[in-house]
Amino acid sequence: MASRKQIVMSGIRPTGFLHLGNYFGAVRNYVRMQEDYECFFMVADLHSLTTHPDTAELKNNVHRVLSENIACGLDPDRVALYCQSHVHETAELYLLLNMLAYLGELEKTTTFKEKARLQPDNVNAGLLTYPVLQTADIILHRASLVPVGKDQEQHLEMARKFAQRFNHRYGKIFPEPQAFNYGSELIKVPSLDGAGKMSKSENQFATLYLSDDDELIRKKVMRAKTDQGPTEKNSPKPDYIENIFLLMKLVSSEETIHAFEEAYNTCTIRYGDMKKELAEDMVKFITPIRQKAESIRNDENYLKEIMEKGAEKARKSARTTMEQVRSAMGFNY
Ligand code: TRP
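On a predicted model such as this, the values are computed, not experimentally measured, just so you know.

If you walk through the whole model with that rule in mind, you get 20 salt bridges. The residue Arg-326 makes a salt bridge to Glu-92 at a minimum N-O spacing of 2.9 Å. Note that Arg-326 is positioned in helix α14 (residues 300–329) and Glu-92 in helix α4 (residues 89–98), a separation of 234 residues in sequence. Accessibility expressed as a relative area gives 30% for Arg-326, which makes it partly exposed. Residue classification places Glu-92 among the partly exposed residues on the basis of a relative accessible area of 28%. Lys-220 is the partner of Asp-212 in a salt bridge, and the nearest nitrogen-oxygen pair spans 2.7 Å. Its relative accessible area of 6% is what places Asp-212 among the buried residues. Through salt bridges with shared partners, a single ionic network connects Glu-308, Glu-312, Arg-315 and Arg-319.

The subject of this paragraph is the side chain of Lys-275. Within the secondary structure layout, Lys-275 lies in helix α13 (residues 271–297). Among buried charged residues, Lys-275 stands out as having no salt bridge; its nearest opposite-charge side chain is Asp-227, 9.6 Å away. In terms of polar contacts, Lys-275 uses its side chain to reach the backbone carbonyl oxygen of Ala-224, at 2.6 Å. If we skip the residues at most four places from it in the chain, Lys-275 touches Val-221, Met-222, Arg-223, Ala-224, Thr-226 and Ile-244.

Scoring rules and cut-offs
- Residues numbered from 1 in each chain as written.
- Predicted model: local features only at pLDDT ≥ 70, side-chain atom pairs only at ≥ 80, totals over all residues.
- Heavy atoms only, no water.
- Salt bridge = Lys/Arg side-chain N within 4 Å of Asp/Glu carboxyl O.
- Helix = DSSP H or I, 4+ residues; strand = E, 2+ residues; numbered from the N terminus.
- Buried < 20%, exposed > 50% of the residue type's maximum accessible area, 1.4 Å probe, protein only.
- Lys, Arg positive; Asp, Glu negative; His and termini not counted.
- Polar contact = N/O pair within 3.5 Å; in protein donor to acceptor, adjacent residues only side chain to side chain.
- Contact = heavy atoms within 4.5 Å.

As structure tokens, this is what we get:
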């Protein structure tokens, strides 16, 4: 008997442009999962209100994040790709779960403490109950697998706790969601300045965005830190050189990488040439994604259509869950 596919759910923040780190760390995983699982991918527009109360840019941001994710290979025909605010059942489940979440545990959440510190004039209740809303997103589809990075582990732990508490009090409806990614370790994409990984908050010039044009990609890559080259054969690589090799492994051919490894080990490497090659391979990788994302973004009708289709799929799954929830909780009079 064919068993039902496991359910995957994740949320995508509509703030900021996608960069290479997001692509290899997250989006590529989503793309693979759409083959093997029943997937729900959601733009977390409501969550963004906890930190970005001004909604003037919201539409633009939602359109951009959808376009970029589709350009990377998410297929709106295969997965439910939708906006959080379009699925009203989320708000109902969020309200119910709020009765199961204790002030003490919410106040202890690392992300809450961090954001309260960053925006002391806007420590709103939504910020406090952010993990409750995230739990609602996930268990609304009775999802068991949640592809997220390390920074979300505590939120997932809380999601398990809230799901458990619900199950214990009202009847077993929800699986306990687990963080899940292909491969044992998430790929870290090093930044171009030799410090840390690519991220949108740090040095902008050290991060390659999927929206960067060819010239900007070349400029950023050519500025990456190097040195005079090794003076002894087969010597270990300094971090910033290792990083250039790591970036090459993401986008260049085996032969190219092998040739530069050889050159490094025999002290004949010319970093200028290596960066030129890396820049061209990055351009080849990023350009088609950028162009596809641009053309999707310009097609507002298409975006509307896919959002509606995604919301329809998500609502269908949400309605089934909410019927069970209301009945389990005794709202049947
Ligand atoms: N909190 C997540 C982040 O900051 C976004 C998110 C919202 C999410 N709802 C979710 C992630 C549900 C996984 C599942 O990236």
